[in-house]
Amino acid sequence: MSPGRPWLPGRPWLPGRHSPRRYVLAALAVLAGLGALAGLAVVFYFESIRGQKTCPKKLENYVASMVLSGVGDTLGYYNGKWEFEQSGPAIHRELAEMGGLGNVSIDGWRVSDDTVMHLATAEALVAAGRNPTLRRLYSLLAKNYKECMNDMEGRAPGITSMESTMKLHPEQPNGWRIPFNLRAGGCGGAMRAMCIGLRFYRPEQLDTLLQVSIESGRMTHHHPTGYLGALASALFTAYAVNGVPLQAWGKGLLDVLPQAKAYVQESGFFVKENMEHWYYFEDQWKRYLVERGISDGVSMPTFPLKYGVEERDDFYSSLSYDGWAGSSGHDAPMIAYDALLGAGDSWTELAHRAFFHGGDSDSTAVIAAGWWGVIHGFEGVPLPLYAHLEYKDRLEKVAEGLYQLV
């Protein structure tokens, strides 16, 4: 049990003033206090920076977020070899044969579709300027998503993304909207939304972050499981910028979901279909937070005593929709979050947990590494690991553009 709970497992009931009733009342009081703290946790950290004119993070953190997301993607993808390797132990054996993460050179390794689409999102945000109308921003996003499909050779783009972008008509009014898709619960929206949290990180911008992440997500993944993954990736990035404690992020997401639901209902676009499939994402996140003991947003996470490569593969698969861990909108940010919670301040540990497993490893990697960069910058990351990163200059340039806007 987490510290601060009123008794330990197996502790006997004592008579008199230590009666069961007194324990129960004490427990209820403590739990009520925790609940109140949890409800205030994210609010407190957000309110503490409300009205500040300067960003809580430095330019280096923005650059690190974009660049390292590309590094994570490149490593998790390994030119398609590791993304589609279903055995985490096999990946770790091959990594060891290369001399370990510190000796890997990614010269000649390509980014996957994840980074190409993340760049498309970020460059649209920068092009939209400081005070864009949302409709103009959405048209720019749709234009970039459509055009970036020309840069997908050898990058394993998702079928849903490819098919959906063909339906986008950014030059037309509302041409960024596509119909609901029962099969669009994948992670394509989540893997490219971190930069939205870099752009709209301020507490007073929460409505904008919510709307932009949802609409950007459902330009290709018009299904709650898909576009709520984009919300999670963007929201957690904003939490990272604001220094919200990691253990509070999951509860913060659940607290925002009613607002997201209201927005989707008010948008009047395929509302019935969206509401019929709304609760899977929320239920899966509730289950995960219970598993880690952080439903209250205050307690520190708990992990199994034995949680190695094989155990993580099994657990990640248990979170998935169809067995391929990290391939859906709910579990790509979930696995990235799990890795971040367990990595401490170790880049290598983050990589072992988020980049190298038997699931959709580049998608969990691009998200986790993006959050890491916001929090830690380039700390612990060997320079040779990102010196030859494909599109490094573009990633650095767009990070600088995002920082200038905030």
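It should be noted that the structure appears before, not after, this text.
Residues numbered from 1 in each chain as written. Predicted model: local features only at pLDDT ≥ 70, side-chain atom pairs only at ≥ 80, totals over all residues. Heavy atoms only, no water.

Colleague: Even after reading the chapter, I still don't get the overall build of the protein chain, so can you show me in this structure?
Modeller: Helix and strand counts for the protein chain stand at 18 helices and 0 strands. Here the protein chain holds 406 residues, and the buried ones make up 58% of them. Looking at the protein chain alone, contacts between residues at least 24 apart form 77% of all its contacts between residues at least 6 apart. For the protein chain, the computed accessible surface area is about 16700 Å², with 55% contributed by carbon and sulfur atoms. (Helix = DSSP H or I, 4+ residues; strand = E, 2+ residues; numbered from the N terminus. Buried < 20%, exposed > 50% of the residue type's maximum accessible area, 1.4 Å probe, protein only. Contact = heavy atoms within 4.5 Å. Areas by Shrake-Rupley, 256 points an atom, 1.4 Å probe, with all protein chains shown as cover.)

Colleague: Hey, could you run me through the layout of surface pockets in this one?
Modeller: Empty space left among the atoms is revealed by rolling a probe the size of a water molecule over them. Each pocket or cavity is described by its volume, and for the largest pocket that value is around 770 Å³. Along its surface, the largest pocket is lined by 32 residues, and T160, R183, G185, G186 and S327 are the ones closest to its centre. Listed by contribution, the elements that provide at least two residues to the lining of the largest pocket are α4 (113-128), α6 (159-165) and α16 (361-376). For the lining of the largest pocket, the leading source of residues is α6, giving 4 residues. Classifying every residue of the lining of the largest pocket by side-chain character gives 10 nonpolar, 14 polar and 8 charged. (1 Å grid on protein atoms, 1.4 Å probe; cavity = no way out; pocket = protein on both sides within 12 Å on 5 of 7 lines; lining within 4 Å. Points joined across faces, edges and corners; volume = space filled by probe spheres on them. Nonpolar A, V, L, I, M, F, W, Y, C, P; charged D, E, K, R; others polar.)

Colleague: Help me out: how do you make sense of the nonpolar core in this one?
Modeller: Side chains that are nonpolar tend, in soluble globular proteins, to be buried together. With 121 residues, the main nonpolar core has L75, W285, Y337, W347 and F355 as its most contacted residues. The greatest single-element share of this core, amounting to 12 residues, is contributed by helix α9 (residues 224-242). Those residues in contact with Y337 that lie beyond four places of it in its chain are F236, L246, Q247, A248, W249, G250, W285, Y288, L289, I294 and W371. (Core = buried A, V, L, I, M, F, W, Y, C linked by side-chain atoms within 4.5 Å.)

Colleague: What's the story with the pattern of salt bridges in this structure? I'm lost.
Modeller: Pairing of side chains with opposite charge becomes possible as their charged atoms draw close. Counting across every chain of the model gives 13 salt bridges. Among the ionic pairs, E147 bridges to K143, the shortest N-O distance being 3.2 Å. Note that E147 and K143 are positioned in helix α5 (residues 134-148) at a spacing of 4 residues, about one turn of the helix. Assessed through its relative accessible area of 44%, E147 is described here as partly exposed. Overall, K143 belongs to the partly exposed group, its relative accessible area being 38%. For the salt bridge of E311 with K306, the shortest nitrogen-to-oxygen distance reads 3.7 Å. The exposure class of K306 is exposed, given its relative accessible area of 64%. Several salt bridges share partner residues, and in doing so they unite D151, R155 and E390 into one network. (Salt bridge = Lys/Arg side-chain N within 4 Å of Asp/Glu carboxyl O.)

Colleague: Please clarify how the packing of aromatic side chains should be interpreted in this entry.
Modeller: The description of an aromatic ring pair uses the distance of the two centres, along with the angle that the planes make with each other. On inspection of all chains with the given rule, the structure shows 29 aromatic pairs. Among the aromatic residues, ring-to-ring pairing joins F236, Y239, W249, F281, W285, Y288, F303, Y307, F315, Y337 and W371 into one connected group. Positioned over the ring face of Y227 is R218, at 5.7 Å from the centre of the ring. (Phe/Tyr/Trp six-rings, centres within 6.5 Å; stacked < 30°, edge-to-face > 60°. Lys NZ or Arg CZ within 6 Å of the ring centre and 35° of its normal.)

Colleague: I would appreciate a short explanation of the environment of T165 in the present structure.
Modeller: Residue placement: T165 occurs in helix α6. Residues T165 and Y145, 20 residues apart in the sequence, show an inter-C-alpha distance of 6.5 Å. Those residues in contact with T165 that lie beyond four places of it in its chain are Y145, K146, M149 and T220.

Colleague: What exactly am I supposed to notice about helix α14 (residues 331-343) here?
Modeller: Since one α-helical turn is 3.6 residues long, residues separated by three or four positions face the same way. The terminal C-alpha atoms of α14 lie 18 Å apart, and with 13 residues this matches the ideal 18 Å at 1.5 Å per residue to within 8%. In terms of burial, α14 is largely enclosed, as 12 of its 13 residues are buried. The set of residues buried in α14 consists of D331, A332, P333, M334, I335, A336, Y337, D338, A339, L340, L341 and A343. Against the buried residues of α14 lie α9, α10 (249-267), α12 (279-292), α13 (309-319), α15 (347-354) and α16. Following α14 by one or two positions, G344 adopts a phi angle in the positive range, close to 60°. (Expected span 1.5 Å × (residues − 1).)

Colleague: Sorry if this is basic, but what is going on with empty space enclosed by the protein here?
Modeller: Enumeration over the complete set of coordinates arrives at 1 cavity of 30 Å³ or more. Here the largest cavity is characterised by a volume of approximately 30 Å³. Together, W176, R177, I178, E215, R218, M219, H222 and F269 line the largest cavity. Here the residues of the lining of the largest cavity sort into 4 nonpolar, 1 polar and 3 charged.

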